[in-house]
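Topology and contacts: notes
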Amino acid sequence: MVVETAPLFIPGGMGPPELAIILIIAILLFGANKIPKLARSTGEAMGEFQKGREKVETELEEMRDGSGNVSESDLEDDEEFVDTEPVTTEEETSTETGTETETN
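So, here is what we can say about the structure in this document. Quick caveat, the model's predicted, so the values are computed rather than measured.

1. Concerning the overall build of the protein chain
Each helix and strand counted, the protein chain has four helices and zero strands in total. Ordered by position from N to C terminus, the α and β elements of the protein chain give α-α-α-α. For the protein chain, the residues scored as buried account for 2% of the 104 residues in total. Surface summary for the protein chain: the accessible area is close to 10,400 Å², and the carbon and sulfur share equals 59%.

2. Some thoughts on the packing of helix α1 (residues 16-30) against helix α2 (residues 34-65)
Look at α1 against α2: their axes get within 9 Å of each other, and the N-to-C directions meet at 100°. In terms of their interaxial angle, α1 and α2 are classed as roughly perpendicular. Of the residues in α2, those touching α1 at A26, I27 and F30 are K34, I35 and L38. For the contact of α1 with α2, a count of residues per class yields five nonpolar, no polar and one charged.

Cut-offs used in this document
Residues numbered from 1 in each chain as written. Predicted model: local features only at pLDDT ≥ 70, side-chain atom pairs only at ≥ 80, totals over all residues. Heavy atoms only, no water. Helix = DSSP H or I, 4+ residues; strand = E, 2+ residues; numbered from the N terminus. Buried < 20%, exposed > 50% of the residue type's maximum accessible area, 1.4 Å probe, protein only. Areas by Shrake-Rupley, 256 points an atom, 1.4 Å probe, with all protein chains shown as cover. Axes fitted to C-alpha atoms, helices over the stretch in contact; angles between N-to-C directions. Parallel < 35°, antiparallel > 145°, perpendicular 65-115°, else oblique. Contact = heavy atoms within 4.5 Å. Nonpolar A, V, L, I, M, F, W, Y, C, P; charged D, E, K, R; others polar.

No statement about biological role is implied by the geometric values presented.
In structure tokens, the structure reads:
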């Protein structure tokens, strides 16, 4: 049995001096207080991306298997669409724009 190990030093790759320079630049750009917040939000974004990717892969696998039918549990998991646009009437729209509508 052959065990492969990853090399610790890659010629032409980034070494400790380069990583230290990148860290110093990051501290100067973002400040020492914001780096943990930035790392946390990046981790959360990566987690959300991973969940979305897994969901798409699952749906594609279901389509390949021919079981493209949507189950009730899938419908319950999806969030309902909520329209956040306010409903306005013609009168409200005309008074906001400063025009008057003629009524008979």
